[in-house]
Structures are given as C-alpha cells and as structure tokens.
Amino acid sequence: MKALVWHGKEDIRCDRVSDPEIQDSRDAIIKVTSCAICGSDLHLFHNFIPAMMPGDIMGHEAMGEVVEVGSAAKGKLKKGDRVVVPFTIFCGECDQCRRGNYSVCERSNRNKDLADKAFGHATAGLFGYTHLTGGYPGGQAEYLRVPFADATHIKVPDGIPDEKLLFLSDIFPTGWQAAAQCDIEPTDTVAIWGCGPVGQMAIRSAILLGAKQVVAIDCVPERLGMAEAGGAITINFMDESVIERLNELTGGKGPDKCIDCVGMESHVTMSLPDTIYDRGKQMLMMENDRPHVLREMIYVCRGAGVISIPGVYSGLVDKIPFGMAMNKGITFRTGQTHVKRWTDDLLRRIEEGQIDPSFVITHTVRLEDGPDMYKLFRDKQDDCIKVVLKP
Amino acid sequence: MFPLSNLVRAKGDPKILRSGPSSLTMADKLTRGLGWFSIGLGLTELLAPRKITRALGMRGMEPLVRAYGAREIAAGVMTLSTEKHLGLASRVAGDGLDIATLAVGLVRPGNRRRDNVALAIAMVVGVTVLDIAAARATKVAHGRNGAGDRRKFADRTGFPQGVEAARRIGTTARTAGSA
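As the structure is a computational prediction, the values presented were derived from the model and not from experiment.

(A) Structural view of the UniProt feature "domain: Alcohol dehydrogenase-like N-terminal" (unreviewed entry) in chain A. Feature annotation in UniProt assigns "domain: Alcohol dehydrogenase-like N-terminal" (unreviewed entry) to the following positions: residues 26–153 of chain A. The span residues 26–153 of chain A is 15% helical and 25% strand by assignment, and the distance between its end C-alpha atoms comes to 12 Å.

Put into structure tokens, the structure is as follows:
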C-alpha cells in the first residue's frame, strides 16, 4: 500500500509499504477513505518530538471502512462499517478509560516502559506519533490497523460526507475539549491564541458553549479572516499589542478564560526578547519548546481564570512565571484529547446542523501529493489552513 | 537501499518496500550541506587556529580565527534549524567578514603565503555564491506566496444556520443548565 513515511527532519515521502496485518484479536483493519495533516504533524516534521524513527507512518486523523475484524472485536464492528478513528488509542476497560480519561489509557501504549521513564506515567498510544506513545503506524495511508478497535472507533452514519465527519478524529473534539474544560460562563471573555485548525474549532466551540465574547489571536491574515467569520474578535499581534487590546476588550480585567492552540512552536514578532531567547535555546537543544504564548496567557489572564492548553508541548520549557500564576489563582487544564468522551455529542451537533467542521478545509489532494502538502501547510502557502488527503 | 528501521518494526506493522520522492527540496539539501560545512569549518577554526594562520601567513591572528570559529558554529546550528533563512543570512554576512579579513593577509607586508590567501579568498567567494543561492532558493521554496492577495474566508462560518443561531444555541444551553 501507499503511505506517507517519516524519514527524518523535513523529509516525508510517499512510500510503498507492506499492508498492515491483524496482530491481536481486538484489532481491525480500516481502508482509509480520508485522512488529514494535523498541526502536530508539523512538530514531527520538524523533528521537535523525540523518539521518531525513519520508517514511521504519519497521520492521526483518519476515517474509512472496516475491511477486516479480529475475532474479539466482531461483536462491536463488522466489515463494511464506516468509522472515524480517534487519534488516542484506548482499551475501554482500564481504570482511566472507565473514568473517561481515554488519552491516558493505561494499556494502549505498547512502549509503556519507555513512556513511564519520559513522562512519569505512560499516556495512551497514539497513531502516527512518537515511539513514546507506542510508535503505532499512522493513518496517512491506504490501510490502517486499529488496535483495541472494539473500543477505538466512532461509528458514523452513511449519507454524511467524509469532510464533515473526519475531524471527529482529532481537531473538533480537541477544540471542543479546550473550550469545555474552561467551564465557560455566559459572562466570559474567552481568548484563543492560534487560529490554525484547532484554534478555529475552539472558537466555534466557545461560541456554541455560550461565551459572551471570543477573541482570536494570530498573525496570519486568512486565518484571522476565518476566525472572524466564526464570530471572533481578532487581534493581529504583528499590528497591535495583545495585552493592551485584551485588557481594552475586557474593561481592564483580562480574559476570564485563555486557550493556547499554538503550543511549542509559537511564532511571534522578533521585537519581543523572549522570542529570540527561546529560538536560540531551542536551536541549541537547551529547551524543547517556545512557550511565549504560555507566558503571555499567564500575564494577561484574569485572576481566578482558567488556562486551557490543547497546543502540544514536548518537554522542558523555560522562564514560566509560575509565581504570577500561583498568586492569581489560575487553573491549568491540559492534555491530549479524550476523544471518545465528546464525540457522541459532537456527532449529534453535526447531524443537527449546528456546526459543519468542513469549513476549515482549504486543500483536498491525493495521498501521493502529501509530501508537498506538508511544506505548503508549514509555510502557510496558498492560504493553506487544513489539508485533507484522499488515499 | 534496505531501510534498517524495517528490522525493528513489530511483526504485522507495515515495512518500507520502496521509497518515494522526498519532501526535501534541492534548496533544503544544499542548506543542510552548508550547515554541516559551517559546523565543520567552525570546529577546525576553534581547535586548530595556528595551522590556519600559519598556512595563510597571518600569525598572531589566532584569537580572531577562534572567534570566527564560534561564529561559524552558531551560523551552522541556525542553518540546520527550522530558522534556516536566518542561518543563511548570517552565513552570508560571515562570508563578507572572512573575505575582508583575508584581504588583510593579501596586503600584509612580507607575507610569503599570499598564494594561499588568494586561494582561500577564491574558496570563500565560491561558498558565498552557494550561500546566496541557497538563501534565495529557500525564500522561493518556503516563502509565503501572494502576500497582499490573501483570501478572507468570510463565508467560512462553520455554522450552517449562521453565527447568531450558534450564539443562541450556546445561550439557550447555558440558561437551561442554570435553571
């Protein structure tokens, strides 16, 4: 089969690889009908996430049709079922899964020993990601093996196009969780840093969850345009001070809830000294992440506010004003997405026409064009915001 | 070439059979080569400055050669990073400094290694051409195209019933939740 394969930093290739096989009785094989490139794939593309290995298949946003089912999964899945595959693999049976904390499933990470050392306690297995999260082959391929498939799937009805459903795999529940874990009140101003695909979903989620005012921060004009279309007030940080504008919009109090949809590779103006500091340290491998957004959120967030972090961070960050956070009584909510916790509700909202997540797609191409699309997406060329690949 | 990573794949996981074209452009490959060259040259200048000054008839300039070595390493690290355009810009600026410094050796009275200096200048000029070519190619390959003519996506609300209807859904849900 064809698959997009990681060969090293900035080196993705569409390779011919052997087909995946059932390895466990709970597995299923999916014929992928649509998959997408995620912003966090770019962290892998840039080799900022440790423990990647040449030959790893990329991709954790995929959906398709079940073509093979392991014996133990047959009660839940059958050939021909149409499914979206959550990017977090979960067993559905461990203590964390029973609590709904699917992204920290205690059984699905097959490199648990390595992950325990890196994270203290292992997180769930993820598709198409680092070997710290199991090193499972990803979904930017013609076929995908889904481990624990009897639990790790979202059955979707026929009659709704892939484009409306595909993002249930990651970015829609990720944006939703980011907003939901802010516990939004009707009087709240929610500020969202980053208007990439997850940021766009977080904006729509905050509106559907009843925020009084949503403010979106970025520097890419077309992304700000899309944020504005979704009902956000926008701030272009290249043109104005984020902190001054946020205080102005909130009567000097600061946003009640802040969401970081940027993560480890924040792009900020070179006039800010911490940008130069972080970039220098990251280049010399003395710091994993560039946490400018985190610092800014802690500074501007209203006292007793919530900072929600769906943006990916990989390791050590530096110069975080934690005293400021502690004294202001800020609550931090983080984590990979517990996809399955949200998808029943989100699928209902799609079916009812409350939201159509396909608005974010700017490019739909063949899988073979994937390597070029990584560059296009990274460089934000051709107004690219979200790429869907058709194997 | 047989991919070694196939050896450590789990049984049943896909293994590479045939590799396709890389996402790395020629500009990326040239830039990567220049980055490693920069680090190699920088280490040489840091560790063996005397051999360099002797070959160029410029004894007494070892501290400057060491400083240039540190500069080369910094530029190399930057060139290999995702900020390659900054690395290449700093390399071009460094090339200018190198040529100016070598020019001093060329006019130094009594320097019997002027032929070596001339050769070194020719080499630096050659590398400068490569640096400029890489910087330009990188800008073309990775720069944002069509600036000033961006799409606004004003129709991409994501809400089939409109933004106001979506706000009402949120408000209604909140009111129902607090009742």
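There is more to say after this.
(B) Spatial organisation of the pattern of salt bridges. If you walk through the whole model with that rule in mind, you get 40 salt bridges over all chains. Of the charged contacts, one joins Arg 378 of chain A and Glu 10 of chain A as a salt bridge, the two residues approaching to 3.0 Å between their closest N and O atoms. Placement of the pair is Arg 378 of chain A in helix H13 (residues 370–378) and Glu 10 of chain A in the loop between strand E1 (2–8) and strand E2 (11–17), with a sequence separation of 368 residues. Residue Arg 378 of chain A is classed as buried on the basis of its relative accessible area, which comes to 14%. Classification of Glu 10 of chain A as buried rests on a relative accessible area of 3%. Here the salt bridges share partners, and the residues they tie into one network are Glu 10, Arg 378 and Asp 379 of chain A together with Asp 28 and Lys 84 of chain B.

(C) Here's a closer look at the layout of surface pockets. All names here are of chain A. The calculated volume of the second largest pocket comes to roughly 870 Å³. In this structure, the second largest pocket is lined by 32 residues; those nearest its centre are Tyr 313, Ser 314, Thr 334, Gly 335 and Gln 336. It is strand E16 (residues 331–334) that contributes the most residues to the lining of the second largest pocket, three residues altogether. Of the residues that constitute the lining of the second largest pocket, the class distribution is 18 nonpolar, 12 polar and two charged. There are two domains that each give the lining of the second largest pocket at least three residues, and those are domain 1 (2–170 + 337–390) and domain 2 (174–334).

(D) Local environment of the interface of chain A and chain B. Each side of the interface is counted separately: chain A has 70 residues, and chain B has 52 residues. Summed over both partners, the interface of chain A with chain B buries about 4900 Å², with 51% contributed by carbon and sulfur atoms. Our count for the chain A to chain B interface comes out at five salt bridges. For the interface between chain A and chain B, the tally reads 31 residue pairs in polar contact (both at pLDDT 80 or more). Breaking the side of chain A that touches chain B down by element, the ones donating at least two residues are E1, E2, strand E4 (56–57), helix H6 (197–208), helix H7 (221–229), helix H9 (273–283) and H13 of chain A. Among the elements that take part in the side of chain A that touches chain B, E2 of chain A stands out by supplying seven residues, more than any other. Along the lines of polarity and charge, the residues of the side of chain A that touches chain B split into 30 nonpolar, 15 polar and 25 charged. Judged from the two bridges that link them, E2 of chain A and strand E1 (residues 16–18) of chain B form a sheet pairing that is antiparallel. Counterpart to Val 17 of chain A in the pairing with E1 of chain B is Ile 16 of chain B.

(E) Examining the sheet that holds E1 of chain A more closely. Within the open sheet, the four strands sit side by side as E4(A)-E1(A)-E2(A)-E1(B). Their pairing is antiparallel. Of all the strands in the sheet, just E4 of chain A together with E1 of chain B have a single pairing partner and so form its edges.

(F) Structural detail: a positive patch on the surface. All names here are of chain B. Taken together, the side chains of Arg 50, Lys 51, Arg 54, Arg 59, Arg 66, Arg 112 and Arg 113 present a region of like positive charge at the surface. The element that contributes the greatest number of residues to the positive patch is helix H2 (residues 49–56), accounting for three residues. Within the element layout of this structure, Arg 66 appears in helix H3 (residues 62–80).

(G) Layout of the UniProt feature "domain: Alcohol dehydrogenase-like C-terminal" (unreviewed entry) in chain A. When the UniProt feature table is mapped to this numbering, "domain: Alcohol dehydrogenase-like C-terminal" (unreviewed entry) covers residues 197–272 of chain A. Secondary structure content for residues 197–272 of chain A is 38% helix and 18% strand, and the end C-alpha separation is 25 Å.

(H) Structural context of the environment of Ala 325 of chain A. Inspection of the secondary structure assignment puts Ala 325 of chain A in helix H11 (residues 322–328). Sequence-distant contacts of Ala 325 of chain A, defined by excluding residues within four places in its chain, comprise Ile 298, Ile 330 and Phe 332 of chain A.

(I) Structural view of the pairing of strand E14 (residues 257–260) of chain A. All names here are of chain A. Neither face of E14 is left uncovered, since the one carrying Lys 257 and Ile 259 and the one carrying Cys 258 and Asp 260 both have all their residues buried. Note: strand E11 (residues 189–193) against E14, four bridges, orientation parallel. Paired with Val 190 across the bridge in E14 is Lys 257. Pairing analysis gives three bridges linking E14 to strand E15 (residues 306–309), with the strands arranged parallel. Along E15, the bridge assignment pairs Cys 258 with Ile 307.

(J) Summary view of the domain arrangement of chain A. Residue and element names in this part refer to chain A. Once the domains are mapped, chain A shows domain 1 (2–170 + 337–390) and domain 2 (174–334). Using C-alpha coordinates to define each centre, domain 1 is positioned 26 Å away from domain 2. Between domain 1 and domain 2, the contact holds 28 residues from the first and 18 residues from the second. Carbon and sulfur atoms supply 67% of the area that domain 1 and domain 2 bury against each other, a total of about 2300 Å² over both sides. When the buried area of domain 1 at its contact with domain 2 is split by residue, Phe 48, Phe 359 and Ile 385 rank highest and sum to 27% of it. At the surface where domain 1 touches domain 2, the tally comes to zero salt bridges. Across the contact surface, domain 1 and domain 2 share seven residue pairs in polar contact (both at pLDDT 80 or more). Mapped onto the side of domain 1 that touches domain 2, the elements with two or more residues apiece are helix H1 (39–45) and helix H12 (339–351). In terms of residues, the side of domain 1 that touches domain 2 owes the most to one element, H12, which gives four residues. Partitioning the side of domain 1 that touches domain 2 into residue classes produces 16 nonpolar, six polar and six charged.

(K) Representation of the packing of aromatic side chains within the structure. Taken as a whole and judged by the stated rule, the model has four aromatic pairs over all chains. Measuring from centroid to centroid gives 5.5 Å for Phe 45 of chain A and Tyr 374 of chain A, while their planes differ by 35°, and the two rings are tilted. Here the residue Phe 45 of chain A occupies a position in helix H1, and Tyr 374 of chain A occupies one in helix H13, the gap between them amounting to 329 residues. Residue Phe 45 of chain A is classed as buried on the basis of its relative accessible area of 1%. Overall, the relative accessible area of 0% leaves Tyr 374 of chain A in the buried class. The ring of Tyr 136 of chain A has Arg 110 of chain A lying over it, and the distance from NZ or CZ to the ring centre is 4.4 Å. Across from the ring centre of Tyr 68 of chain B, 4.7 Å away, lies the NZ or CZ of Arg 71 of chain B, which sits over that ring.

(L) Up close: the nonpolar core. Residue and element names in this part refer to chain A. The biggest cluster of nonpolar side chains holds 106 residues, and the ones touching the most others in it are Phe 167, Leu 168 and Phe 172. Counting residues per element, this core draws most heavily on H6, which supplies seven residues. Residue contributions to this core reach at least three from each of two domains, namely domain 1 (2–170 + 337–390) and domain 2 (174–334). Look past the residues within four positions of Leu 168 in its chain and what remains in contact with it is Val 84, Ile 154, Val 156, Pro 173, Val 339, Thr 343, Leu 346, Leu 347 and Ile 350. Grouped together as the second largest cluster of nonpolar side chains are 20 residues, Phe 237, Leu 246, Leu 249 and Val 293 included.

So, how was this worked out
Residues numbered from 1 in each chain as written. Chains lettered and ligands numbered in written order. Predicted model: local features only at pLDDT ≥ 70, side-chain atom pairs only at ≥ 80, totals over all residues. Heavy atoms only, no water. UniProt positions renumbered as here; feature names shortened; annotations may be inferred. Helix = DSSP H or I, 4+ residues; strand = E, 2+ residues; numbered from the N terminus. Salt bridge = Lys/Arg side-chain N within 4 Å of Asp/Glu carboxyl O. Buried < 20%, exposed > 50% of the residue type's maximum accessible area, 1.4 Å probe, protein only. 1 Å grid on protein atoms, 1.4 Å probe; cavity = no way out; pocket = protein on both sides within 12 Å on 5 of 7 lines; lining within 4 Å. Points joined across faces, edges and corners; volume = space filled by probe spheres on them. Nonpolar A, V, L, I, M, F, W, Y, C, P; charged D, E, K, R; others polar. Domains from an automatic or database assignment. Contact = heavy atoms within 4.5 Å. Buried area = accessible area lost by both parts, 1.4 Å probe. Polar contact = N/O pair within 3.5 Å; in protein donor to acceptor, adjacent residues only side chain to side chain. Pairing = 2+ DSSP bridges. Patch = residues over 30% accessible without salt bridge, like charges linked within 9 Å, V, L, I, M, F, W, Y side chains within 5 Å. Areas by Shrake-Rupley, 256 points an atom, 1.4 Å probe, with all protein chains shown as cover. Lys, Arg positive; Asp, Glu negative; His and termini not counted. Charge placed at Lys NZ, Arg CZ, Asp CG, Glu CD. Phe/Tyr/Trp six-rings, centres within 6.5 Å; stacked < 30°, edge-to-face > 60°. Lys NZ or Arg CZ within 6 Å of the ring centre and 35° of its normal. Core = buried A, V, L, I, M, F, W, Y, C linked by side-chain atoms within 4.5 Å.

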